[in-house]
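# Working through the structure, step by step
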Amino acid sequence: DTVLKFENVHKSFGPAHIIRDVDLDVHRGERHAVIGPNGAGKSTLFHLCSGQFAPSSGRILLDGEQISGLRPAEVNRRGLARSFQITNIFPGITVHENLRLAVMRKHGLQFSFWRFAGRLSAVNAEVEDLLDRLRLTARAGTLANQLSYSEQRSLEIGMTLASDPKLILLDEPMAGMSQEETDYTADLIREITRGRTLLIVEHDMSVVFALADRISVLVYGEIIATGTPEEIRANAQVKEAYLGEEVAA
Ligand code: ADP
Ligand code: MG
Ligand code: MG
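Computed from a prediction, not measured in an experiment: that's the story for all the values here.

What counts, and at which threshold
- Residue indices begin from 1 for each chain and proceed along its sequence in written order.
- Chain letters and ligand numbers both follow the written order, the letters beginning at A and the numbers at 1.
- For a predicted model such as this one, the threshold for reporting local features is a pLDDT of at least 70, and the threshold for listing and counting side-chain atom pairs is 80 or more; totals across whole chains, interfaces and linings nevertheless cover every residue.
- Secondary structure elements are taken from DSSP: a helix is a run of H or I of four residues or more, a strand is a run of E of two residues or more, and numbering for both begins at the N terminus.
- Here the globule rule reads 2.2 Å times residues to the power 0.38, and the radius of gyration is calculated from C-alpha atoms.
- Any residue with 12 or fewer other C-beta atoms within 10 Å of its own C-beta is exposed, any with 20 or more is buried, and the rest are partly exposed; the C-beta atoms used are placed from the backbone.
- C-beta atoms are first placed from the backbone for all residues, and any pair lying within 7 Å is then listed as a contact.
- Only strands that DSSP links by at least two bridges are regarded as paired with each other.
- Working convention: axes come from line fits to C-alpha atoms, limited for helices to the stretch in contact. Angles between N-to-C directions cover 0 to 180 degrees.
- By convention here, the C-beta atom is placed from the backbone, and a residue is near a molecule or strand when that atom is within 6 Å of it.
- Residues are sorted three ways: Asp, Glu, Lys and Arg are charged, Ala, Val, Leu, Ile, Met, Phe, Trp, Tyr, Cys and Pro are nonpolar, and all the rest, Gly among them, are polar.
- By the definition adopted for this analysis, an angle is roughly parallel if under 35 degrees, roughly antiparallel if over 145, roughly perpendicular if from 65 to 115, and oblique otherwise.
- Crossing handedness follows the turn of the near helix against the far one: under a right angle anticlockwise gives a left-handed crossing, and clockwise gives a right-handed one.
- Only buried residues count toward a nonpolar core: Ala, Val, Leu, Ile, Met, Phe, Trp, Tyr and Cys, linked into one set through C-beta atoms within 7 Å.
- For the purposes of this description, domain bounds are those given by an automatic or database domain assignment.

### Focus on the overall build of the protein chain
Looking only at helices and strands, one finds ten helices and ten strands in the protein chain. The C-alpha radius of gyration computed for the protein chain amounts to 19 Å, which stays within 12% of the reference 18 Å derived for 249 residues, consistent with globular compactness. The principal-axis extents of the C-alpha atoms in the protein chain amount to approximately 55 × 40 × 30 Å. Scored against the burial criterion, the 249 residues of the protein chain give a buried share of 38%. Pairs at least 24 apart in sequence give 66% of the contacts found in the protein chain among residues at least 6 apart.

### Topic: the pairing of strand S3 (residues 31-35)
For S3, a buried count of five out of five residues is recorded, marking the element as mostly surrounded by other parts of the structure. Here S3 shows a buried face lined by Arg31, Ala33 and Ile35 and a second buried face lined by His32 and Val34. Here four bridges tie S3 to strand S8 (residues 198-201), and the two strands are oriented parallel to one another. Following the sheet pairing, histidine 32 is matched in S8 by leucine 199. Across four bridges, the pairing between S3 and strand S9 (residues 214-219) is parallel.

### Examining the sheet that holds S9
If you walk across this open sheet you meet the six strands as S6-S7-S8-S3-S9-S10, and the pairing is mixed. Both outer strands of the open sheet, strand S6 (80-82) and strand S10 (222-227), are each paired with one neighbouring strand and no more. Averaged over all pairs of adjacent strands, the angle between their axes in this sheet comes to 20°, without regard to strand direction. When strand S7 (residues 167-171) meets S8, the two strands line up parallel, connected through four bridges. Bridging from a neighbouring strand, isoleucine 168 pairs with leucine 198 of S8.

### A few points about the site of ligand 1
The environment of ligand 1 is formed by Phe13, Ala16, Ile18, Gly36, Asn38, Gly39, Ala40, Gly41, Lys42, Ser43 and Thr44. Put simply, the parts of the chain that give the shell around ligand 1 at least two residues each are strand S2 (16-27) and helix H1 (42-50). Here the shell around ligand 1 takes three residues from H1, the largest share from any one element. Partitioned by chemical class, the residues of the shell around ligand 1 number four nonpolar, six polar and one charged.

### Observations concerning the sheet that holds strand S5 (residues 65-66)
Two orientations exist for strands paired in a sheet by backbone hydrogen bonds: parallel and antiparallel. Ordered by their spatial adjacency, four strands build an open sheet running S2-S1-S4-S5, and the pairing between neighbours is antiparallel. The open sheet is flanked by S2 and S5, the only strands paired with a single partner. Strand direction decides the pairing type here: strand S1 (residues 2-13) and strand S4 (residues 57-62), joined by five bridges, are antiparallel. Note that in S4 the partner of glutamate 7 across the bridge is arginine 59.

### Section: the packing of helix H3 (residues 95-106) against helix H5 (residues 120-133)
One can describe the packing of H3 onto H5 by two numbers: an axis separation of 9 Å at closest approach and a directional angle of 120°. With respect to H5, the element H3 is oriented oblique. Where H3 crosses over H5, the handedness of that crossing is right-handed. Between H3 and H5, the contacting residues are His96, Leu99, Arg100, Val103 and Met104 on the first element and Val123, Glu126, Val127, Leu130 and Leu131 on the second. Tallied by class, residues from the contact of H3 with H5 come to seven nonpolar, one polar and two charged.

### Description of the nonpolar core
Ranked by internal contacts, the top residues of the largest apolar core, which has 62 residues, are Cys49, Leu167, Leu169 and Leu199. Structurally, this core is a two-domain feature, drawing no fewer than three residues from each of domain 1 (1-87 + 165-249) and domain 2 (89-162). Excluding residues within four positions of it along the chain, leucine 169 makes contact with Phe46, Cys49, Ser50, Leu80, Ala81, Arg82 and Leu199.

### Details of the domain arrangement of the protein chain
The domains assigned to the protein chain are domain 1 (1-87 + 165-249) and domain 2 (89-162). Relative placement of domain 1 and domain 2: their C-alpha centres are 27 Å apart. The interface of domain 1 with domain 2 comprises 14 residues on the first partner and 13 residues on the second. By residue class, the composition of the side of domain 1 that touches domain 2 is nine nonpolar, three polar and two charged.

### A closer look at unusual backbone geometry
Here the phi dihedral of aspartate 21 falls at roughly 45°; this positive angle occurs in a residue that is not glycine. The backbone of aspartate 164 shows a phi angle near 55°, a positive value even though the residue is not glycine. Given 14 C-beta atoms within a 10 Å radius, aspartate 164 is considered partly exposed.

Quick look at the structure:
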């Protein structure tokens, strides 16, 4: 059962072939990581998924429907939630209020006070559950802009999750974090995305090995290997691609 499918996707910028004939399947319920050295094309692949870029050729399907060529908002509406894009956090309101807005949006309640009033307790129960899973219960009344960097990241991921998307897309969510914050956030993402479909783009192999069910390795725009963490770790071509960089033991 495939949620996201790349069929022979190619992306060029002028003469530069950045994504080359990529086939990729993200299965329902798996956490799939795309890794690769800097400049491999990971962010470009990510932007192709979310509609920022259209492929030069090939097709991208979400749940069997073609999404390549659609605008980002339309791709989002069809169930692909990309963190740090549409579900931005509002800095001047509390953590609880942010999550409540996201839950209300999912239920289509944001414009209707009276419908919302009747479902206040159900909405609040969902918010409490999210707070718990995001480990932010103690921060519920804190303004979003008072959170630490990794707490803000947690909230952003929670806002993405609150829309109950078919696919969650994260591009280097641990970028700019200390080792401690990285470990914490990787663990949180693993917990909170259990049973969901996740595509995570990440440079750090140790993070990916701890989180992903399957890994695809992108090098110079081509996927050179897809497999379980064990298979990828044992792959000689992958080691060579990371030449000079640390490959997680
Ligand atoms: P990664 O995320 O793996 O580090 P990127 O996808 O950001 O790699 O970039 C891959 C290559 O594509 C880089 O050489 C980059 O310069 C090039 N590239 C990315 N976006 C554009 C663009 N809009 N126009 C031209 N070249 C681009
Ligand atoms: Mg990069
Ligand atoms: Mg990148």
